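Notes for the structure review
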Amino acid sequence: DTEVTQTPKHLVMGMTNKKSLKCEQHMGHRAMYWYKQKAKKPPELMFVYSYEKLSINESVPSRFSPECPNSSLLNLHLHALQPEDSALYLCASSRETGIHEQYFGPGTRLTVT
Amino acid sequence: AQRVTQPEKLLSVFKGAPVELKCNYSYSGSPELFWYVQYSRQRLQLLLRHISRESIKGFTADLNKGETSFHLKKPFAQEEDSAMYYCALHTGGFKTIFGAGTRLFVKA
C-alpha cells in the first residue's frame, strides 16, 4: 500500500461543532504532516509529527488539535472553527523528516458555515 | 528569511516547445529543493529533487547556488504536462516551504 488516505473527502461543519479529520498510511513512514491549502494558494505547513511526537506547530490556533495515536494514523480535531478556516486540509507522510519525499493524501475539503 | 518565489502564476506554451518554470529561493543554509506537481484531479506528488540529479518525464532542474535558482526545464512540452507545479524548499529539520505555484498549460 503506497497511498496516504484521508477521510472524509468533504466536511461541512458549523462554528460550534466538533469534528475530526483522519489520515492513514501503511508505508512504514515515521513522519506525518498536516497542511492547509486555500484556493489558488500553496500548501501551508500546520503540524509535523516525527515518531509519533509533535515536532512542529506552526503557530496554529488551538481550535485545531492534532493527534498521532500510532505510527500509521494522524488525526486533526476541529472545534469552534471560523469560516476563514474553510480550506483543503492535506495530510502527508515521509520515511522520516529531513530530505525525504513527502507522499500526499487527496485532502479533505472543509467548509465552515 | 526563508522564501520560495515562483514569479509566473500561469505559463502557456505550445506542444513541442521548450518550457522553463522559474523558481528562486532565499535561504541562508544549504538548500534542499524539490519540484512537486499536481495534475488535474490528482494528488500532489513529487516530480524531482535536486539531490537526485535525475530526469523525470523529460524534466530536469539544476540548482544554481550563485543565482539561488532551481528552474524546471523540459525541451519539448507535451499536452500531458499541463498541471500545477510547485517548487519547494526543505530547510533542514522538519519544515518544507512551498512556492506559490505555476500553472502550466500546454496547447495542442
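Refer to the structure printed above.
In this report, the structure presented in the accompanying data block is examined.

So, how was this worked out
Residues numbered from 1 in each chain as written. Chains lettered and ligands numbered in written order. Predicted model: local features only at pLDDT ≥ 70, side-chain atom pairs only at ≥ 80, totals over all residues. Heavy atoms only, no water. Disulfide = S-S within 2.5 Å. Helix = DSSP H or I, 4+ residues; strand = E, 2+ residues; numbered from the N terminus. Buried < 20%, exposed > 50% of the residue type's maximum accessible area, 1.4 Å probe, protein only. Core = buried A, V, L, I, M, F, W, Y, C linked by side-chain atoms within 4.5 Å. Contact = heavy atoms within 4.5 Å. Polar contact = N/O pair within 3.5 Å; in protein donor to acceptor, adjacent residues only side chain to side chain. Patch = residues over 30% accessible without salt bridge, like charges linked within 9 Å, V, L, I, M, F, W, Y side chains within 5 Å. Areas by Shrake-Rupley, 256 points an atom, 1.4 Å probe, with all protein chains shown as cover. Salt bridge = Lys/Arg side-chain N within 4 Å of Asp/Glu carboxyl O. Lys, Arg positive; Asp, Glu negative; His and termini not counted. Charge placed at Lys NZ, Arg CZ, Asp CG, Glu CD. Pairing = 2+ DSSP bridges. Phe/Tyr/Trp six-rings, centres within 6.5 Å; stacked < 30°, edge-to-face > 60°.

**Section: the state of the cysteines**
Here, disulfide denotes a covalent bond that connects the sulfur atoms of two cysteines. Scanning the model with the defined rule gives 2 disulfides over all chains in all. Each sulfur of the disulfide joining A:Cys23 and A:Cys91 lies 1.8 Å from the other. Judged by the sign of its S-S torsion, about -70 degrees, the cystine formed by A:Cys23 and A:Cys91 is left-handed. Here A:Cys91 lies in strand S9 (residues 87-94) and A:Cys23 lies in strand S3 (residues 18-25), a separation of 68 residues in the sequence. Note that B:Cys23 is cross-linked by a disulfide to B:Cys87, the S-S spacing being 2.0 Å. Here the disulfide of B:Cys23 and B:Cys87 is left-handed, its torsion about the S-S bond being about -65 degrees. Of this pair, B:Cys23 sits in the loop between strand S3 (19-21) and strand S4 (24-26) while B:Cys87 sits in strand S9 (residues 83-90), and the two are 64 residues apart along the sequence. Looking at B:Cys23, the relative accessible area reads 0%, which means it is buried. Given the relative accessible area of 0%, B:Cys87 is considered buried.

**Overview of the nonpolar core**
One finds B:Trp35, B:Leu72 and B:Tyr85 to be the most contacted residues of the largest nonpolar core, which totals 26 residues. With 4 residues, the single largest contributor to this core is S9(B). With residues near it in sequence (within four places) discarded, B:Tyr85 still touches B:Gln6, B:Leu21, B:Trp35, B:Tyr36, B:Val37, B:Tyr39, B:Leu47, B:Phe59, B:Leu72, B:Gly101, B:Thr102 and B:Leu104. By size, the runner-up hydrophobic cluster in this structure holds 22 residues, among which are A:Leu21, A:Trp34, A:Tyr49 and A:Phe64.

**A few points about the side chain of B:Gln6**
All names here are of chain B. For Gln6, the location among the structural elements is in the loop between strand S1 (3-5) and strand S2 (10-14). Within the local environment of Gln6, its side chain forms a polar contact with the backbone nitrogen of Cys87, the two atoms lying 2.9 Å apart. Of note is the side chain of Gln6, whose polar atom sits 3.1 Å from the backbone nitrogen of Gly101. Aside from chain neighbours lying at most four places away, what touches Gln6 is Lys22, Trp35, Tyr85, Tyr86, Cys87, Gly99, Ala100, Gly101 and Thr102.

**A word on a positive patch on the surface**
Positive charge collects at one region of the surface, where A:Lys40, A:Lys41, B:Lys9 and B:Arg103 lie side by side. On the secondary structure map, A:Lys40 appears in the loop between strand S4 (31-37) and strand S5 (44-50).

**Some remarks on the pairing of strand S8 (residues 73-79) of chain A**
Residue and element names in this part refer to chain A. Within S8, 5 of the 7 residues are buried, leaving the element largely enclosed by the surrounding structure. With 7 bridges connecting them, S3 and S8 associate as antiparallel partners. Bridge pairing in S8 places Leu21 opposite Leu76. Two elements, strand S7 (residues 64-70) and S8, share 5 bridges in a ladder whose sense is antiparallel. Its bridge partner lying in S8, Asn70 is registered against Leu73. Joining the antiparallel neighbours S7 and S8 is a turn of 2 residues.

**What to know about the packing of aromatic side chains**
As enumerated under the stated definition, the model contains 10 aromatic pairs over all chains in all. On the numbers, 5.8 Å between centres and 35 degrees between planes, the contact of A:Phe64 with A:Tyr89 is tilted. Taken together, the residues A:Phe64 in strand S7 and A:Tyr89 in strand S9 connect sequence positions 25 residues apart. Like A:Phe64, the residue A:Tyr89 is buried in the burial classification. Consider the rings of A:Phe104 and B:Tyr36, whose centres lie 5.7 Å apart with planes at 85 degrees: the pair is edge-to-face. Of the two residues, A:Phe104 is situated in strand S10 (residues 103-104) and B:Tyr36 in strand S5 (residues 32-38); the pairing between them involves two chains. By the burial criterion, A:Phe104 is buried, and B:Tyr36 matches it.

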